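# Structural overview for review
What follows is each chain in one-letter form.
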Amino acid sequence: MADKLVAVKGMNDILPPDSARWEWLEHKLRALMRRYGYLNIRTPIVEPTPLFVRGLGEVTDIVEKEMYSFEDSMNGDKLTLRPENTAGVVRAAIEHSMLYDGGKRLFYIGAMFRHERPQRGRYRQFHQVGVEALGFGGPEADAEVILMARALWRDLGLTDVRLEINSLGVPDERRAHRAALIAHFEAHAEQLDAEARRRLHSNPLRILDTKNPAMQDLVNAAPQLMGFLGEASLRHFDAVKSAMDAVGQAYTVNPRLVRGMDYYTHTVFEWISPKLGAQGTVCGGGRYDGLVEMIGGKPAPGVGWGMGLERVLDLLLQSGIEAPSRPPDAYAILPDAQALSLTIAAVEALREVGLAVLMHAGGSAGLGGMKSQFKKADASGARFALVFGSDELAQGMVAVKPLRDAGAAQVLRPLAAVADWAHELRNA
Ligand code: ATP
Ligand code: MG
């Protein structure tokens, strides 16, 4: 036998029955997007590498060490598997002049790729749902996207996801803060790890985002950006906070929250759950008013978030919340291969009116006996077995046998008039 090939490390197959949980979550997400008026956008998985270098910032974890980048062997183009999708959506919006007649509310669901050490909640191929409100500059858009995540927790029945918010102000305010930050870290240079030392002058804000526990005290004592914000930035932030108060959404202002990409301005936020261990952030996002211009478009504001589906599903699991199971309505039992031409029309007719019908299929040894077919019908979870026996067929009938209700009797139904009785099989 040939060597067994296996999936790439950190990239997972999603198989049934687990895939049903994914489909359920995606279904909830699409319903949520509809309620808020967000339209689906689908951009390529591969983008030009400079999009991320320019968009996310050269000195960020993602660009420095997490991107799957390669050269197109045909023409030498530098390409990258998307590590996130805000940059791609913004690129598409610019490329197709999507903002010419005003703002756009967009969402995506799809795979992202980051070369990280695989562990719980951290994979090399993972999936994000994201929303981007492009062309909207006011705090009402910030509030809207934050509350969309809250609405999802409610839709899913999740209770303990808490909200942290912060404001990163505008570039001018950040510049003043940056100088103070460098002075603080320089004064404690001996406590900086190698990465922080390297980033001290190129991107000191990133140091605040360090995951190194040994540096937490130093980071906690650093000057806070909040103290450098001007009146307009504070007003924007206050409006977002007031909107949260108005709907009774609790939040913590976390002055250390800076997020991993350079494109953020004003509001940034994370939704965090204590049930997920070290990877507690389920959803992260914020405003990115400079990004459109950075990627070559006419300046336009934007705000959005990205949410890891694996982490949401883990959280559902930890919370004991299961997707509703969706067994077939009926299982068609075929006692006799000769009968196929009579049964298949009835089965197709049932499917045509919307019923879920699993039709028995044989293995290499043929159809198998009635007993083993009934076992399969039972295992499928179907509520009815449809028995296309030769006696029934001779009368132009099929026997409909309830499988979940021991007291209920089997009935005969006409093959030629499926539409007349199909409703009896439908889930009450
Ligand atoms: P973290 O701090 O956990 O590395 P991040 O700041 O890199 O997260 P973002 O880039 O903001 O994360 O992505 C948004 C969301 O996508 C995260 O909150 C998380 O739910 C999910 N996510 C990010 N990276 C991964 C990954 N490697 N595997 C699974 N989910 C991920
Ligand atoms: Mg990360």
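Residues numbered from 1 in each chain as written. Chains lettered and ligands numbered in written order. Predicted model: local features only at pLDDT ≥ 70, side-chain atom pairs only at ≥ 80, totals over all residues. Heavy atoms only, no water.

## A few points about the site of ligand 1
Around ligand 1, the surrounding shell holds 16 residues, and the nearest of these are R114, E116, R122, Y123 and R259. In the model, an oxygen atom of ligand 1 is placed 2.7 Å from a nitrogen or oxygen of the R114 side chain. Here a nitrogen atom of ligand 1 and a backbone polar atom of G121 are 3.5 Å apart. Its free accessible area being 590 Å², ligand 1 has 92% of it covered by the protein chains. For the shell around ligand 1, the elements supplying multiple residues, two or more each, are β6 (125–134), β10 (281–287) and β11 (302–308). (Near = heavy atom within 4 Å. Polar contact = N/O pair within 3.5 Å; in protein donor to acceptor, adjacent residues only side chain to side chain. Areas by Shrake-Rupley, 256 points an atom, 1.4 Å probe, with all protein chains shown as cover. Helix = DSSP H or I, 4+ residues; strand = E, 2+ residues; numbered from the N terminus.)

## Focus: helix α6 (residues 171–187)
Spacing of three or four residues puts side chains on the same side of an α-helix, whose turn is 3.6 residues. Over its 17 residues, α6 runs 24 Å from end to end, which matches the ideal 24 Å to within 8%, given 1.5 Å per residue. Where α6 is concerned, the buried positions are E173, R174, H177, L181, I182, H184 and F185. Contacts from the buried residues of α6 go to α8 (204–207), α9 (216–220), α10 (231–246) and β9 (265–272). (Expected span 1.5 Å × (residues − 1). Buried < 20%, exposed > 50% of the residue type's maximum accessible area, 1.4 Å probe, protein only. Contact = heavy atoms within 4.5 Å.)

## Quick look at the domain arrangement of the protein chain
Bring the parts together and some accessible area is lost; that lost area is often taken as the interface size. For the protein chain, the assigned domains read domain 1 (18–169 + 229–318) and domain 2 (330–426). On a C-alpha basis, the centres of domain 1 and domain 2 stand 48 Å from each other. (Domains from an automatic or database assignment.)

## Here's the deal with helix α1 (residues 18–36)
Taking 1.5 Å as the rise per residue, α1 with 19 residues should run 27 Å; its terminal C-alpha atoms sit 28 Å apart, in good agreement. Within the sequence span of α1, burial applies to R21, W22, W24, L25, L29, L32 and M33. Taken together, the buried residues of α1 touch β5 (104–113), β6, α5 (139–156), β11 and α12 (309–318). Following α1 by one or two positions, G37 has its phi on the positive side, about 75°.

## Quick word on the sheet that holds strand β16 (residues 411–414)
The strand order β13-β12-β14-β15-β16 describes an open sheet built from five strands, whose pairing is mixed. In this open sheet, the two edge strands, each paired with only one partner strand, are β13 (357–359) and β16. The sheet shows a mean angle of 30° between the axes of neighbouring strands, taken without regard to direction. Alignment of strand β14 (residues 384–387) against strand β15 (residues 397–402), held across four bridges, turns out to be antiparallel. For V387, the partnering residue across the bridge sits in β15 and is A399. (Pairing = 2+ DSSP bridges. Axes fitted to C-alpha atoms, helices over the stretch in contact; angles between N-to-C directions.)

## A short note on the pairing of β14
Of the two faces of β14, the one carrying F384 and L386 and the one carrying A385 and V387 are both buried. Of the pairings in the sheet, the one linking strand β12 (residues 330–333) to β14 comprises four bridges and is parallel in character. Following the sheet pairing, A332 is matched in β14 by L386.

## Quick look at unusual backbone geometry
In this chain, P16 is followed by P17 through a cis amide linkage whose omega measures 5°. Relative to the elements of secondary structure, P17 occurs in the segment before α1. Backbone geometry at S97 places phi at a positive 45°, although glycine is not the residue there. Looking at the element boundaries, S97 is found in the loop between α4 (86–95) and β5. On the basis of relative accessibility, which here comes to 44%, the residue S97 falls in the partly exposed class. Phi at R259 takes a positive value of approximately 70°, unusual for a residue other than glycine. For R259, a relative accessible area of 12% puts it in the buried group.

## Topic: the nonpolar core
Across soluble globular proteins, nonpolar side chains have a tendency to be buried as a group. L56, V90, L134, F185, L192, L208 and Y263 are the most contacted members of the largest nonpolar core, which has 44 residues in total. If you tally residues by element for this core, the top one is α4, at five residues. With residues near it in sequence (within four places) discarded, Y263 still touches G55, L56, E84, T86, R287, Y288, D289, L291 and M294. Residues A149, W271, L276 and M307 belong to the second largest nonpolar core, which totals 43 residues. (Core = buried A, V, L, I, M, F, W, Y, C linked by side-chain atoms within 4.5 Å.)

## Details of the packing of aromatic side chains
Across all of its chains, the model carries three aromatic pairs by this definition. For the pair Y263 and Y264, a centre-to-centre distance of 4.8 Å together with 65° between the ring planes defines the contact as edge-to-face. For Y263, a relative accessible area of 2% corresponds to the buried category. Taken together, a centroid distance of 5.8 Å and an interplanar angle of 65° make the contact between Y263 and Y288 edge-to-face. Here the residue Y263 occupies a position in the loop between β8 (252–253) and β9, and Y288 occupies one in the loop between β10 and α11 (291–294), the gap between them amounting to 25 residues. In this arrangement the basic side chain of R105 is found over the ring face of F136, its NZ or CZ atom lying 4.6 Å from the centre. (Phe/Tyr/Trp six-rings, centres within 6.5 Å; stacked < 30°, edge-to-face > 60°. Lys NZ or Arg CZ within 6 Å of the ring centre and 35° of its normal.)

## Some points on the side chain of R82
Within the element layout of this structure, R82 appears in the loop between β4 (78–81) and α4. One buried charged residue, R82, forms no salt bridge at all, with the nearest opposite charge on E47 at 6.6 Å. Among the polar contacts made by the side chain of R82, one reaches the main-chain carbonyl oxygen of T43 at a distance of 3.3 Å. (Lys, Arg positive; Asp, Glu negative; His and termini not counted. Salt bridge = Lys/Arg side-chain N within 4 Å of Asp/Glu carboxyl O.)

## Describing the environment of L29
As for its placement among the helices and strands, L29 is situated in helix α1. L29 sits in the buried class, given a relative accessible area of 0%. Expressed as a C-alpha distance, the spacing of L29 and Y108, which sit 79 residues apart in the sequence, is 10.0 Å. With near-sequence residues (within four places) excluded, L29 lies in contact with I109, V129, L152 and L309.

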